[in-house]
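# Structure assessment
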Amino acid sequence: MADEREVLVEVKNLEVTYGSGRKAYKAVKNANFTIYKGETFGLVGESGSGKTTIGRAIMRILPTSGGEVFYKGQKINGKISHALDKQVIKEIQMIFQDPQSSLNERAKVGYIVGEGLMNVRPDLSAAERDEKVRQALLDVGLLPEFASRFPHEFSGGQRQRIGIARALIVEPEFIIADEPISALDMSIRAQVLNLLRHMQKERGITYLFIAHDLSVMRYISDRIAVIHKGDIVELADAEELVTHALHPYTRSLLSAIPMPSPRRERQKKLLVYDPSMHDYSAEAPQWRELRPRHWVLCSASEAEDWCRES
Ligand code: ADP
Ligand code: MG
């Protein structure tokens, strides 16, 4: 049972606000989830729903305006000690969505990949660092000679491998992969996914895997959380979520998954989600466990209706 596994990350009532005063915009409203060691936790929702904001808040790139983030039981949002900050920088890494814009164009690949080591492993000599860069490039299926070249010489898939090498070189325990294959050609998406999965097997890495649709997510995630406009609306084991989705927004995402055959694609019925279907005037929605380990944001009457229909 997942609940008996070791908790790595816990997000409690997380709120993230951009701007302040009258311009304040709450991009994440009240996010709650736990990530267990060694699992792939999927976070899915349409563009602008707050996925990257959550990832960046956990990474401490963005300040939080409410709630708490725990890593190995220690609170890591807000003010933390220097020692904990160092630990978090080493153990939590991010892989970015767009390999075209996330690499420093003026730096050589070797510098980009090895940069993190200067912070995390100041004990290493330049030669030892070069050796680690060499190995990191090999690990992600690139030639060590690439270290002396510049990012613009590489394809999208190769650039994403460079980004992965940069994250892996510091031997992180937890990686936030923010739509790591969305910007890549179809033909190389599977390669990059396989690489990430291989690294997880080999090194026991835990992933927060962010995507905007469920088509790939359902196969790579152990559990999935669905986010809509800053609210997490549903969370369950991947198989459970796909086969017993209860929230209408999750159902609409599921109905949009491309079908394997043209015939089934033509017969597909798209469900459109209209948030005005919820009447929360009398009762605010609550986070409820409607099936075992399956949480949904809903009112009491919705809980009753959705369970009956499913
Ligand atoms: P996602 O990753 O799911 O596409 P984001 O987390 O990037 O969504 O954005 C969530 C919301 O926050 C969006 O409405 C976006 O416009 C807004 N947002 C993102 N970054 C900023 C920013 N730096 N300043 C103001 N609003 C932002
Ligand atoms: Mg994003």
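Residues numbered from 1 in each chain as written. Chains lettered and ligands numbered in written order. Predicted model: local features only at pLDDT ≥ 70, side-chain atom pairs only at ≥ 80, totals over all residues. Heavy atoms only, no water.

As annotated in an unreviewed UniProt entry, the chain carries the name Oligopeptide transport ATP-binding protein OppF and comes from Faecalibacterium prausnitzii. Regarding the chain, the UniProt comment filed under Sequence similarities (unreviewed entry) reads as follows: "Belongs to the ABC transporter superfamily." (UniProt positions renumbered as here; feature names shortened; annotations may be inferred.)

### A short note on the sheet that holds strand β2 (residues 25-36)
Read from one edge of the open sheet, 4 strands run β2-β1-β4-β5, paired in antiparallel fashion. Looking at the sheet topology across the chains shown, the edges are occupied by β2 and β5 (74-75). Direction of pairing for strand β1 (residues 7-18) relative to strand β4 (residues 66-71): antiparallel, over a ladder of 5 bridges. Looking at the pairing, glutamate 10 lines up with phenylalanine 70 of β4. (Pairing = 2+ DSSP bridges. Helix = DSSP H or I, 4+ residues; strand = E, 2+ residues; numbered from the N terminus.)

### Some words on the UniProt feature "domain: ABC transporter" (unreviewed entry) in the chain
Look at the UniProt record and you will see "domain: ABC transporter" (unreviewed entry) annotated at residues 9-254. Annotation note: span residues 9-254, helix share 39%, strand share 26%, distance between end C-alpha atoms 27 Å.

### A few points about the sheet that holds strand β7 (residues 174-178)
The strand order β6-β7-β8-β3-β9-β10-β12-β11 describes an open sheet built from 8 strands, whose pairing is mixed. One side of each edge strand has no neighbouring strand; the edge strands of this open sheet are β6 (92-95) and β11 (286-291). Looking at each pair of strands side by side, their axes are set apart by 20° on average, direction ignored. Bridge count between strand β10 (residues 231-237) and strand β12 (residues 294-298): 2 bridges; the pairing is antiparallel. Paired with glutamate 234 across the strands is valine 296, a residue of β12. Against the sheet, helix α2 (residues 82-91) engages β6 and β7, with an angle of about 40° to β6. Helix α9 (residues 248-255) contacts β3 (40-44), β9 (223-228) and β10 of the sheet and is inclined by roughly 105° relative to β9. (Axes fitted to C-alpha atoms, helices over the stretch in contact; angles between N-to-C directions. Contact = heavy atoms within 4.5 Å.)

### Regarding the pattern of salt bridges
Per the counting criterion, the structure on display carries 20 salt bridges. Two residues, lysine 72 and glutamate 91, come together in a salt bridge whose shortest N-O distance is 2.8 Å. Of this pair, lysine 72 sits in the loop between β4 and β5 while glutamate 91 sits in helix α2, and the two are 19 residues apart along the sequence. Among the salt bridges present, the one from aspartate 305 reaches arginine 308, with a minimum N-O distance of 3.1 Å. With aspartate 305 and arginine 308 both in helix α11 (residues 300-309), this residue pair falls 3 residues apart, about one helical turn. A residue is classified by how much of its surface remains accessible, and arginine 308, at 57% relative accessible area, is exposed. Salt bridges linked by common partners bring Lys37, Lys72, Glu91 and Glu173 together as one network. (Salt bridge = Lys/Arg side-chain N within 4 Å of Asp/Glu carboxyl O. Buried < 20%, exposed > 50% of the residue type's maximum accessible area, 1.4 Å probe, protein only.)

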